[in-house]
Amino acid sequence: MSLLDRALALGLPAVPRPILRRFARRYIAGTRFEDAARVVRSLARDGAMATLDILGELNHTRQEVERSVQAYVDLFRRVHEERLPRTNVSVKLTALGLLVEQELCLDAMRRILATASELGNFVRIDMEDSSCTAPTLAIFGTLRREFPGRVGPVLQARLRRTLDDAEQLSSEPLNVRLCKGIYIEPRTIAYTDPEIIRANFTLVLERLLERGAYVGIATHDERLVYEALRLVRRFGLPPDRYEFQMLYGVDEELRRILIGAGHRLRVYVPYGEQWYAYSLRRLRENPQIAGYVFRALFRKA
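Residues numbered from 1 in each chain as written. Predicted model: local features only at pLDDT ≥ 70, side-chain atom pairs only at ≥ 80, totals over all residues. Heavy atoms only, no water.

**Re the environment of Pro 270**
Okay, so step 1: When you line up the elements, Pro 270 lands in strand E9 (residues 265-271).
Okay, so step 2: Judged by relative accessible area, which is 0%, Pro 270 ranks as buried.
Okay, so step 3: Put simply, Pro 270 and Val 89 are 181 residues apart on the chain and 9.9 Å apart in space, counted from C-alpha to C-alpha.
Okay, so step 4: Aside from chain neighbours lying at most four places away, what touches Pro 270 is Tyr 27, Ile 28, Ala 29, Gly 30, Asp 53, Leu 55, Tyr 248 and Tyr 278. (Helix = DSSP H or I, 4+ residues; strand = E, 2+ residues; numbered from the N terminus. Buried < 20%, exposed > 50% of the residue type's maximum accessible area, 1.4 Å probe, protein only. Contact = heavy atoms within 4.5 Å.)

This is the structure in structure tokens:
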């Protein structure tokens, strides 16, 4: 990965959308449910589970929130009707009015969870930037009591508060996703050194596992995969007591290695019309791909 690729990643918004979309296909299932279902079935044939996410966030009106609620209710029903194997759904609370009114967001999640519970499914509440951490965990705290076993949060190892959050949340049965976190946060509230973030990820994971939590170990960092496997062996955990999680289109070889070794693995499968912002985030995380995008642009010129 070159410094040029890193610089080019910052210029991605200047790339024409048709070219960016061509490369975004690596990370996004498509724009329709049918596209996502096709990916889920392909993953299932390879032994992977899935979580579906409708792209889009930051809704600011009640009408937008209502459309998002209905979209997720419809998604759960279609997952059930199509009998998609081992597939749950991830939801961003800013799409459900978190930044408008917390009670509005809570009501929206109750309606989604009522459908998920009726159909025997599970909702993962995605974690967004640090401004959303406290209200997201507060809403989860309410929902876990009303829908036990049907909802779980995400914790980000980058944040300094996460070990305390992990200890507090795991005082009750917990299904949690642990990731590094992609949001750039101030040093006052987040670790900035990659080695410290890795160390905190490992420490938080250890604490969660020893307290009996079911953890979705979300990483493409093979050093963290190694640490996770070390902890799984140390605690003598059977394969149904944890899972690895990865993004669609990222390190498929490592995905195959983990599945081949008998570990459960879930792939995050995003789809929808609002693919552009998600694509920019994924490509900025992988500057080498950004370099490919710009080289393709110059070839077309």
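**Brief notes about the packing of helix H5 (residues 102-118) against helix H6 (residues 133-146)**
Okay, so step 1: For the pair H5 and H6, the least separation of the axes is 11 Å and the interaxial angle reads 40°. The angle between H5 and H6 falls in the class oblique. Pair H5 / H6 crosses with right-handed handedness. Contacts from Gln 102, Cys 105, Leu 106, Met 109, Arg 110 and Leu 113 in H5 reach Pro 135, Ala 138, Ile 139, Thr 142, Leu 143 and Glu 146 in H6.
Okay, so step 2: The residue inventory of the contact of H5 with H6, partitioned by class, reads eight nonpolar, two polar and two charged. (Axes fitted to C-alpha atoms, helices over the stretch in contact; angles between N-to-C directions. Parallel < 35°, antiparallel > 145°, perpendicular 65-115°, else oblique. Left-handed = near helix turned anticlockwise from the far one by under 90°. Nonpolar A, V, L, I, M, F, W, Y, C, P; charged D, E, K, R; others polar.)

**With respect to the pattern of salt bridges**
Okay, so step 1: One pass over the full model with this rule turns up 24 salt bridges.
Okay, so step 2: Two residues, Arg 78 and Glu 82, come together in a salt bridge whose shortest N-O distance is 4.0 Å.
Okay, so step 3: The shortest N-O distance in the salt bridge between Arg 234 and Glu 206 comes to 2.4 Å. Of this pair, Arg 234 sits in helix H9 (residues 222-235) while Glu 206 sits in helix H8 (residues 194-210), and the two are 28 residues apart along the sequence.
Okay, so step 4: One salt-bridge network, held together by shared partners, links Lys 180, Glu 195, Arg 198, Asp 221 and Arg 223. (Salt bridge = Lys/Arg side-chain N within 4 Å of Asp/Glu carboxyl O.)

**Some words on the pairing of strand E7 (residues 214-218)**
Okay, so step 1: Counting buried residues in E7 gives five out of five residues, a clear majority hidden from the surface.
Okay, so step 2: Neither face of E7 is left uncovered, since the one carrying Tyr 214, Gly 216 and Ala 218 and the one carrying Val 215 and Ile 217 both have all their residues buried.
Okay, so step 3: As paired elements, strand E6 (residues 175-179) and E7 share four bridges and run parallel to each other. If you follow Val 176 over to E7, its bridge partner there is Val 215.
Okay, so step 4: Assessed by its sense of winding, the connection that carries the chain from E6 through H8 to E7 is right-handed. (Pairing = 2+ DSSP bridges. Right-handed = clockwise from strand over helix to strand, strands pointing away.)

Such coordinate-based values are descriptive only and should not be taken to indicate function.
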